Amino acid sequence: MEKKIAKLLLQINAIKLEPEKLFTWASGIKSPIYCDNRLTLSYPKVRDCIQKGLLEIHQNYFKHSDVIAGVATGGIPHGSILANNLNLPFIYLRDTAKKHGRKNRIEGEVKPKSNVLVIEDLVSTGKSSLNAIEPLLEIGCNITGILSIFTYNFPDALNIIKQKGINFKSLCTYEELIKTATEEGFISKEELLFLEKWNKDFKI
């Protein structure tokens, strides 16, 4: 499943690899890879494959979850579809409180002690994911895990999430993506070596 999803993400340009022309993330970080998983929503076959993968991981690791939470904005649509397939309540999480109205960071109804599975489209440094779950922890919810479509698998990020005692899974990892990209001719073997080193050397 992971290899199939990696291939699909590359084919629809949801993930682009440019070792010789770095992208600039919103944080200012220079990166040879750019990910926009919102594009997956425009391709029914890709969207369906992702949902099958999410359902499979849910069944294998997170089936005791009783609420699905999508992280705004990328995690909202896939989280909502997953919750619908599982017939479970859905909420979504804002990175900051609204400036007006009830100033919510949690949209939707969730009760203390709920077992919440958090859906992300992408996990890079892990900081935004941990920030998103703070209001859930504050009201006494149990985070059963974080599940993403793609992760850069930065060692520092994985350690941060692990230290918080959170189970983290992803449909597709950076390692599988660049391996598949090489096999499918998206990048050369020399570019593969550069991408491996960039990921290994990345510091949060």
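No experiment lies behind these values; they were computed from the predicted model shown.

Draft legend 1. Quick look at the side chain of Ser31. Following the sequence through the fold, Ser31 ends up in strand β3 (residues 30-31). Separated by 2.8 Å, the side chain of Ser31 and the backbone oxygen of Ile33 make a polar contact. Setting aside anything within four residues of it in sequence, one finds Ser31 in contact with Leu22, Phe23, Trp25 and Trp198.

Draft legend 2. Representation of the packing of aromatic side chains within the structure. Considering all chains together, one arrives at 13 aromatic pairs under this definition. Each ring, one from Tyr152 and one from Trp198, has its centre 6.4 Å from the other, and the planes form 70 degrees; the classification is edge-to-face. In this pair, Tyr152 is assigned in the loop between β9 (142-151) and α5 (155-163) and Trp198 in helix α7 (residues 189-201), connecting sequence segments 46 residues apart. Among the residues examined, Trp198 registers a relative accessible area of 15% and is labelled buried. Note on Tyr174 and Trp198: the rings are 6.0 Å apart at their centroids and 45 degrees apart in plane angle, and the pair reads as tilted. With Tyr174 in helix α6 (residues 174-183) and Trp198 in helix α7, this pair connects stretches of sequence that are 24 residues apart. Three or more aromatic residues link up through ring pairs in this structure, and these residues are Trp25, Phe150, Tyr152, Phe154, Tyr174, Trp198 and Phe202.

Draft legend 3. View of the pairing of strand β8 (residues 115-123). With eight of nine residues buried, β8 lies mostly within the body of the structure. Bridge count for strand β5 (residues 67-71) against β8 is four bridges, and the pairing is parallel. Bridge pairing in β8 links Val67 to Val116. Of the strand pairs in this sheet, β8 and β9 are connected by eight bridges, and their pairing is parallel. Bridging across to β9, Glu120 finds its partner in Ser148.

Draft legend 4. Just the packing of α6 against α7, in detail. Two numbers describe how α6 lies on α7: the axes approach to 10 Å, and their chain directions differ by 170 degrees. Between α6 and α7, the interaxial angle falls into the category roughly antiparallel. Residue-level inspection shows Tyr174, Glu175, Ile178, Lys179 and Thr182 of α6 in contact with α7, the latter providing Lys189, Leu192, Leu195, Glu196, Trp198 and Asn199. A breakdown of the residues in the contact of α6 with α7 according to their chemical character gives five nonpolar, two polar and four charged.

Here is what the cut-offs are and how they apply
- Residues numbered from 1 in each chain as written.
- Predicted model: local features only at pLDDT ≥ 70, side-chain atom pairs only at ≥ 80, totals over all residues.
- Heavy atoms only, no water.
- Helix = DSSP H or I, 4+ residues; strand = E, 2+ residues; numbered from the N terminus.
- Polar contact = N/O pair within 3.5 Å; in protein donor to acceptor, adjacent residues only side chain to side chain.
- Contact = heavy atoms within 4.5 Å.
- Phe/Tyr/Trp six-rings, centres within 6.5 Å; stacked < 30°, edge-to-face > 60°.
- Buried < 20%, exposed > 50% of the residue type's maximum accessible area, 1.4 Å probe, protein only.
- Pairing = 2+ DSSP bridges.
- Axes fitted to C-alpha atoms, helices over the stretch in contact; angles between N-to-C directions.
- Parallel < 35°, antiparallel > 145°, perpendicular 65-115°, else oblique.
- Nonpolar A, V, L, I, M, F, W, Y, C, P; charged D, E, K, R; others polar.

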